[in-house]
Amino acid sequence: MTGHHPQTRAVHPPVIVPAGSRPLSVPLYQGHLFSFEAADDLAAAFGGPDEAFFYARMSNPTVRSLERAVTELEGGAAALATASGMGAVSTVLMSLLRSGDHVIAQTTLYGGTFALFQDLAERWGVDVTYVSGDDPAEVRDALRPATRLLYLESVANPTTHVTDLPAYTAAVRGTDVLTVVDNTFAPGLCKPIEHGADIVIHSATKYLSGHGDVIGGIAVFADPGVHRRVWDHAIDLGSAADPFGAWLTVRGLATMPLRVARQSASALDIARRLAAHPSVTRVHYPGLPGHPQHEVARRLLPDGSGGVLAFEPAGGRDAGRVFSEAVRLISLGPSLGNIATLVMHPASTSHRQMDAATLAAAGIGEATVRLSIGLEDPDDLWSDIDQALAKAT
Ligand SMILES: *Cc1c(COP(=O)(O)O)cnc(C)c1O
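Overview of the structure.

Reading the values: rules and limits
All chains use their own residue numbering, which begins from 1 and follows the written sequence. In keeping with the model being predicted, local features are shown solely for residues with a pLDDT of at least 70 and side-chain atom pairs are shown and tallied solely at 80 or more, while totals for entire chains, interfaces and linings include all residues. As a rule here, side-chain values cover all heavy atoms of the structure and leave hydrogens and water aside. Grid spacing is 1 Å over the protein atoms alone, the probe is 1.4 Å, and a cavity is where that probe fits but cannot get out, while a pocket is an open set with protein on both sides within 12 Å along at least five of seven lines and lining residues have an atom within 4 Å of a point. Grid points are joined across faces, edges and corners, and a volume is the space filled by probe spheres set on the points. Starting at the N terminus, helices and strands are each numbered in turn, a helix being any DSSP run of H or I of at least four residues and a strand any DSSP run of E of at least two. Residues are grouped as follows: Ala, Val, Leu, Ile, Met, Phe, Trp, Tyr, Cys and Pro are nonpolar; Asp, Glu, Lys and Arg are charged; every other residue, Gly included, is polar. What marks off one domain from the next here is an automatic or database domain assignment. What a helix is expected to span follows from its residue count: subtract one and scale by 1.5 Å. Burial here depends on accessible area, computed with a 1.4 Å probe over protein chains only, as a share of the maximum for the residue type. Under 20% is buried, over 50% is exposed, and the range in between is partly exposed. We call two N or O atoms a polar contact when they sit within 3.5 Å, provided that within protein one can donate a hydrogen and the other can accept it, with sequence-adjacent residues counted only if both atoms are side-chain atoms. Here, the term nonpolar core denotes a set of buried Ala, Val, Leu, Ile, Met, Phe, Trp, Tyr and Cys residues that are joined through side-chain atoms within 4.5 Å. Here, two residues are considered to be in contact whenever any of their heavy atoms come within 4.5 Å of each other.

1. Let's talk about the layout of surface pockets
To find leftover empty space, a probe the size of one water molecule is rolled over the atoms.
Point 1. Taken as a whole, the largest pocket encloses approximately 600 Å³ of empty space.
Point 2. Around the largest pocket sit 23 residues that line it, and Leu109, Tyr110, Gly111, His351 and Met354 are the ones nearest its centre.
Point 3. Of all the elements, helix α5 (residues 111-124) adds the most residues to the lining of the largest pocket, at three residues.
Point 4. Residues of the lining of the largest pocket, tallied by class, amount to eleven nonpolar, ten polar and two charged.
Point 5. In this structure, the lining of the largest pocket is formed jointly by two domains, domain 1 (39-253) and domain 2 (256-392), each of which donates at least three residues.
Point 6. Its volume calculated, the second largest pocket comes out at about 420 Å³.
Point 7. Lining the second largest pocket are 15 residues; nearest its centre among them are Val15, Val17, Tyr29, Leu33 and Phe34.
Point 8. Taken together, the residues that form the lining of the second largest pocket break down as twelve nonpolar, three polar and no charged.

2. What about helix α4 (residues 85-96)?
Point 1. Under the 1.5 Å per step criterion, the end-to-end length of α4 is 17 Å for twelve residues, consistent within 8% with the ideal 16 Å.
Point 2. A large share of α4 lies buried, amounting to nine of its twelve residues.
Point 3. Taken residue by residue, α4 has Gly85, Gly87, Ala88, Val89, Thr91, Val92, Leu93, Ser95 and Leu96 as its buried positions.
Point 4. Structurally, the start of α4 carries an N-cap: the backbone nitrogen of Met86 is 3.4 Å from a side-chain oxygen of Ser84.

3. What to know about the nonpolar core
Point 1. If you look at the biggest cluster of nonpolar residues, it comprises 44 residues, and the most contacted ones within it are Leu66, Val70, Val139, Leu150, Leu208, Ile218 and Leu301.
Point 2. Examining the composition of this core, we find that four residues originate from one element, helix α3 (residues 61-74), more than from any other.
Point 3. Both of domain 1 (39-253) and domain 2 (256-392) provide at least three residues apiece to this core.
Point 4. Residues contacting Ile218, with those up to four places away along its chain left out, are Leu66, Glu67, Val70, Ala79, Leu80, Ala81, Thr82, Ala88, Val200, Ile201, His202 and Leu208.

Geometric values such as these leave the question of function open.
In C-alpha cells form, the structure reads like this:
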C-alpha cells in the first residue's frame, strides 16, 4: 500500500496469513468476510458450507473449528454452531418442520424449548404429542403418517430424568422420523448418536464453554444430508454463532472432559451426603441407586451422571426458597454447567407460573432445589450446603 495516502493505508493494514508453520491453538477469525482474486471463486463460495469461507453468517474458520470439534465429540458427520442453545433448537425445528407436521416430544422439556413447541403449535400449525419418556410404547402409539420428529433430552431439568435413548430411537426405527436429543446436561458422558439419535443439540452456554462467559449453541448431525438441509435454512434464519463466542467455546472444550468428570464426581459425593442428611426428604441424582432411572443411567452414563442434582429440603416451598438464599459460597443463579456452583429454587423462579399440581406433574416438588455443581472442593461446598440447610429447615 506504499504510495497511497495515510488514510488509505490505515484501511489496509498488512494481513498475515501464516505459511510454513501453523498455529497450535485455534485462531480467532473475528472478521466477517474474506476476499477473493477471481469472481468465479466467490460465486463458487455461495455453493454450500464446505466451499471457501466468504461471509461469517454462512461459515467462519473459528466457528468451523468448534463445529468439527463437537462433531467429533458426538460422533456425528457435521455440525452447525449457533448464537445460543435456543438458536440451535429453533433452527433445527424451523428448518425440518412445516405446517401440518407432527412431533412427539418429551414432557420434561427445557422451558424455552417447551415455549417454542407451544408457539409452533399455535401459530405454525405443528401438532405436538407429549410423552413421559418412561415407556417407548407411548411413541409407537403416538406415531402418525405426519410425524417428522421425536424430541428428547438425555438428562432433563431439574429432576435429572434419564431417557432410555436406545429404546426410544428403536421405537421410530424404520420410519422417516428423525430423533433429536438435547444433550446439554451430559456432554461427553452420553453419546446420543451411538444410541440411534439423528441430531444432538447442546447449549454451548453450559458445559461446552463452561466458564460462564459465552452464549452459544450447536447441533450435530449424524447424516450430512440433514445437516445440509438445516444449513440452507440457518443462513436465512441468521442463527450463526459469533466467532468470539465460538473461540471461547473451543477453548473451553479443551478442559470439558476434565471439568465434567470432576463435576460428576463432586455431584455424586454431594448427592450421597444430602441423601444421608436428616433434613432432606428426597435427592434426585441418576448416580444414586434410588433414582427411578438408575439402571438406565448405568448404561447410558457409565462414566458419571453429570454435575446437576436436585433435592427436597424438609419444610416445603419456604425451605427451598430460604435454602437458595442462605448459601454463601454457592451463587443463586439460573444457569448450569459453570465452573462455579449454582443453586436455583424452580418453584419460586424458573417454574413460578406453575401451581403445585402442575409442578407435581412435571416431577418437581414445591421444595425442590437444583444444584449445578462446579469445580470447588466438595468439602467447602458441603459446609455451605450444611449451614444453608440448618437455616432452611
Ligand atoms: C440452557 C439450555 C438450553 C438453551 O440454551 P441457551 O444457550 O440459553 O439458549 C436448551 N436446552 C437445555 C437443556 C438447556 O439447559
